Structure formats: structure tokens, C-alpha cells
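# A closer look at the structure
Each chain, letter by letter, is given below.
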Amino acid sequence: MGTRPLLRLTFILFIIILLFTCSWYSLNLPVFSDPPQATSWLCNSESRVFAHLGSVLETEIHKPRDHMEDVPHHPLDPLTMREIYKVRTILSTYPPLLPSFPAIHSLSLDEPHKDLVLKWKEGDPLPPRKALVIALLNGQSHVLCVDLDLGLVTSNKINHGSGYPMLTMNDISVAMQVALSHKELNKSTIKRGISLSDLTCITPSAGWFGPDEEGRRIIKVQCFSNQGTPNFYMRPLEGLTMTVDIDKKEVVKFTDTGGGIPVPKGTDTDYRFKSQKEPPRMKPINPISIEQPLGPSFTVEDGHIVKWANWEFHLKADQRAGIVISRAMVSDSETGVPRSVMYKGFSSELFVPYMDPDENWYFKSYMDAGEFGMGATALSLVPLNDCPRHSYYMDGIFVSWDGKPYVQPSIICLFERYAGDISWRHSEIPVNGFNIREARPKVSLVARMAASVGNYDYIFDWEFQTDGLIHVAVALSGMLMVKGTPHQTADQTPNQEAASGPLISENLIGVVHDHFITFHLDMDIDDTNNTFVKVNLVKEETLPGQSPRKSYLKAKRNTAKTEDDARIKLKLYEPSEFHVINPSRRSRLGNPAGYKIVPGRNAASLLDHLDPPQLRSAFTNNQVSMPR
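Residues numbered from 1 in each chain as written. Predicted model: local features only at pLDDT ≥ 70, side-chain atom pairs only at ≥ 80, totals over all residues. Heavy atoms only, no water.

### Here we look at the state of the cysteines
A complete count under the given rule lists two disulfides for this structure. At a sulfur-sulfur separation of 2.1 Å, the disulfide partner of Cys201 is Cys223. Sign of the S-S torsion, about 95° for the bond between Cys201 and Cys223, identifies this disulfide as right-handed. Placement of Cys201 in strand E6 (residues 199–202) and of Cys223 in strand E7 (residues 218–225) is noted, with a sequence separation of 22 residues between them. Between Cys387 and Cys413 runs a disulfide, and the two sulfur atoms are separated by 2.2 Å. Around the S-S axis, the bridge from Cys387 to Cys413 shows a dihedral of about -90° and counts as left-handed. Taken together, the residues Cys387 in the loop between helix H5 (368–372) and strand E16 (392–399) and Cys413 in strand E17 (residues 405–417) connect sequence positions 26 residues apart. In this structure, Cys387 and Cys413 share a single accessibility class: buried. (Disulfide = S-S within 2.5 Å. Helix = DSSP H or I, 4+ residues; strand = E, 2+ residues; numbered from the N terminus. Buried < 20%, exposed > 50% of the residue type's maximum accessible area, 1.4 Å probe, protein only.)

Okay, here's the thing in C-alpha cells:
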């Protein structure tokens, strides 16, 4: 890379959430029975909180529309349903993939080169529309580029072995069929007093654990009892794990080490609102309603261009990444001219390693985006609970394993937020002749998505403020991933220090784990000539007799010249700021235009760098880094 400016910045935002705590995030709490296309995963204690709100949270119905007539208007618009069908037709006649159609693991827009997108203006012809496809056939993976204008496959990179593409629903279905037909499973469930009809099985992350797994598509299957509760996560058949070879369609390993560990009871585990028998022991909350008499202030043009206050950006749903923000621009407060801020931003990966070396737990080191897909696992948002009144809802157009498009309705909502926060204020005490009480309300625009990845729900908020700030927040809700134990009280645990987590209920341990959320930020401050600057805050000591002070802080700027310079490990006692600047754009005072990257809650992985899960997630070795 040499001394060229750093054009792309990947900001690693870490959020650690202790497994034995319960999220208080309650916006997706349903107050009606089983809404279509919506599922709520909330802790039992909080699912009663809004029992007294009654009809205040009445539901609105967002009717999904017909997308067959959609056409792209912007170079970054996702593939339309017609375009996806066209890609499928082209692949079905492509000789290297004949005679059978391959399994499609990813099919999305192959975005035009950045230079073409930046040169494009509204009204110009769109750059060539292309699709990027990852397909598996006969033990080989194909990475194909399909030119929709030419109607041809223009490139096909073949890799011997399937690699580790995102799991499809067909993969999961095959794994379930193989596991449920395995005779040893029936024996093990009968020993536990569970019938096959009461089983719910899932495919937790298989991870990657060395050369023995190279070239094989294997996945783990574990089962739970759903008898008497939809919250099967709280009723694991501990110690029971099946390793399934998806390609061979067979169980290659069966483990049952759960003798003596009972299946936890399902009493009071049903989290659904309609199943709550008593309100919480708290004073009822009076109804709260925030109105917009004149309607929302934002507009959505051509299905993806969002305009609000001084902001304009492109918004779309992505099957793997979930929400993708592109071409974010903010108007200059003095001239009104739009200025570029960010070319693209999205959550690129979520790494969730569990801290238990047990044979039935060591492999649980999820890559939620790369293995399951944040968009693929995002279900419809619940109006007035997930999103407030006057929200705009956006559908996702995704692709199934057979190459056909489908609609994931209402997975993104866009709304204005005002919660009584202050945007700016200042007051003056009258002693100086001024009597000033100046305060301005903070109103922001939020793009939200909630992904239900198994037992956990991730709520992503991209918030845009009128002062030019972009704030990204991730909340966690849902159920804990728990481990069965023979113990019912903490006193029965022989060695609590050796346990992988605290006892959270009778016969249940909450296994300690981390959530590392990685964001890709391609900043374009005014244009592409951007540089990454690390500003170190260092202690300076005063000279003898210089001042009554003995020390002070001083900012020392260090411009990154190489990729290594931009790999940052945060240190509490070596504080730094991180700036992305455009050295060719200066203010009237001569300061370069720029943005400051402000880390929120952060953590570092404590796993050994040679530990297989950490090898896969080496991007968490630094909190800020530049990709190669």
C-alpha cells in the first residue's frame, strides 16, 4: 500500500454482553396474539411490562407490495426479481453447470466500480448490471459473474471443495432429515422420556477446527424438548450432538454424554404475551404516544434514496449484511451544497464464541452474518412495537437455494425519533447582564432492522443527526443459550470456579460468551482522497519553575502510512482519537475536513491467536484496522 491515502477503514466495534443478564430492550414486545411474519424473543420477566398499555400499541398492517414490476434507478439498487429470474435462466443454460442446476448460496448485485458510481448522476444510463453468484455443484464451488446486459457468464472461478459458504435453508433441511432419521437419536430421546414428536432440533455453528475438516461440509445438530412451551431453548437435551456430513447426507459422529442430566422443566418459560398470567409487581405505566401532526419529514425516492433534513443516502437490505447505507451525504450548513461523508457502511460480521471446552460446546463460535445471514434471518418488524407510527417499511428481495427470488417483507423501518433529548443548549446567569435560556431539541432519523439469529435478536439502528453525526447502535434481545446441568442450586455445584457460567435456573447454566460486532466503514470525506490519522493523547511534564502545574495532556497527530499503522488496539491508559480527514479540503482556518471515529463499548478477545475460532475471526485482534 505504501504511502497512498487510506481509502477504506474498517472499524471494529466490540460489544460484550454477559450471558446471565437479560436485555431490557422492549421495542419488539407484541401486545397482540401471534402477528403474521413476526416473532418476539424476550426474557420472561419483561414480557409483562406493558400489560397495562392496552390499545395504545394497536397494530398497523403494512401490506407487502408486488415487486415484479420493480426496475433499478440507481447503480447500487439491489437486483430486482426480474433480474434474479434472468440470472437463474442464464445459469440454467451455462455448460459448466449442466446437466443439474447448482445450489445457490449467494446471489446479489455485483456492484459497479466505485469510480463509475461516483461519476453517475440522476438521469444518466445505469452502469452495466451484473450479478455475483456463489454456487456449489458436485463438490466444487463456483464464483460467477453474470452480465445481465450481455446475458452471459463473464467469469467463473472454480475451487475444488465447497469452502464455507452461507448455509441455505436446504442445507439445514438436509441436516435435520438426516439427524431425525438416525436410530441412535430415538434411543437417546426415549431414555430421557421425550418423544420424537416433542423434539425441536437446530444447527448451531459448526465452526472450523483444523485440517481434518477441510473439504467437508459438516454441521452439528442438537435437540431440545418443546413439550409444554415454545421456548425450547430452555429445555436442552444436554450432551446429545450429531455431526452431519451435508454432502454425504449421513451422521458421521453421534455423541451422547448427557446421562444423569435431566431435561429442564418448561414451567413459566413461555415468553409470549398471551401466555402471561399475572402482571409484573410494579406500578402500571400510563400510555405514551408521540405524534407527528404533519406527518414524517423524510422522503424515500425510487424505493431506496432517503432524503431528510440535511441528509441524503442510499438504503437497501442485503441478504448477508442486513442494512447497507451507501452514498451518505450531508448538506453544508452555509452553502446547502451536499458533501460526501461515507461511501458505504454495514455490519460485516458478528462473532459469538462460547467459553466452554466441553465436547458438546467447544464448536459454538458463531459467525452470524457469514453463516446464517443478517438479512436472511430478519423477519417482519412489528408496527408500533418495533417501529413507531409514521414509519416507512422496506422489503428485502433475496434469493433461495434454488436461485428463485423471494420477498422478506418489512425488514427495515425508517422513522424520525424524538425522546426529549437535547441537541444543543446554553444558559447564562443574569449576573453578567444576560438572561439566556437556549435549548434545541434533538430530532434524528433512524434506519432499523432486527435479525433473529436462533435464540438471539440483534436490533441494528443507524441514526442520522442534524449536526452531521452518524451513530450506530446494536441492542440484543431474545433468549440465552443455556447448558443443562444436574444441579438445581448453586450450593450443589461442586466447583463453581470451574463452571462455564452461572446457574441461572434449575438445571440450567448460562454459558459465558462474547459478541463481537464488526462494522465496515468506507469513508469518503468530500471525496476519495482520505487519510487515517491517529491522535495520541500523551502526558507532558512541566519544566521546573515553569508553572504551578506538574503535567498536562498534549495531542500528537500520526498519519498512517501503511496498513500496520492503522491497526489499533485500544488501551485505557494510552488514549487516542481516530480521524478520517481529507487533506485537500480545508476550512477557512486551514483545518482539513474530517470525521472522528468514536468507539463505544469495546473489548478485546482473550482467546489464543492460534485457537481455531480466533483464527477464523482474526479481524477481532484489533479494534480498528485497515483491510489488505
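### Some words on the sheet that holds strand E24 (residues 503–505)
Read across the sheet, three strands follow the order E23-E25-E24 without closing on themselves; strand pairing throughout is antiparallel. On the outer flanks of this sheet lie strand E23 (482–484) and E24, each paired with one strand and no other. With direction set aside, neighbouring strand axes in the sheet form an average angle of 45°. As paired elements, E23 and strand E25 (residues 508–510) share three bridges and run antiparallel to each other. By the bridge assignment for E25, Lys483 is matched with Ile509. (Pairing = 2+ DSSP bridges. Axes fitted to C-alpha atoms, helices over the stretch in contact; angles between N-to-C directions.)

### Some points on a nonpolar patch on the surface
On the surface, a cluster of nonpolar side chains totalling about 380 Å² of accessible area is made up of Met282, Ile285, Ile288 and Ile290. Assignment of secondary structure puts Ile290 in the loop between strand E9 (250–256) and strand E10 (299–301). Residue classification places Ile290 among the exposed residues on the basis of a relative accessible area of 56%. (Patch = residues over 30% accessible without salt bridge, like charges linked within 9 Å, V, L, I, M, F, W, Y side chains within 5 Å. Areas by Shrake-Rupley, 256 points an atom, 1.4 Å probe, with all protein chains shown as cover. Salt bridge = Lys/Arg side-chain N within 4 Å of Asp/Glu carboxyl O.)

### Quick look at unusual backbone geometry
Looking along the chain, the bond that leaves Leu98 and enters Pro99 is cis, with omega of 10°. Structurally, the position occupied by Pro99 is in the loop between helix H1 (81–92) and strand E2 (103–109). For Asp302, which is not a glycine, the phi torsion comes out positive at approximately 55°. Looking at where Asp302 falls in the secondary structure, it is placed in the loop between E10 and strand E11 (305–308). Of note, the phi angle at Ser410 is positive, near 55°, even though the residue is not glycine. Its place among the elements puts Ser410 in strand E17. Classification of Ser410 by relative accessible area gives buried; the value is 5%.

Keep in mind these numbers describe shape, not what the thing actually does.
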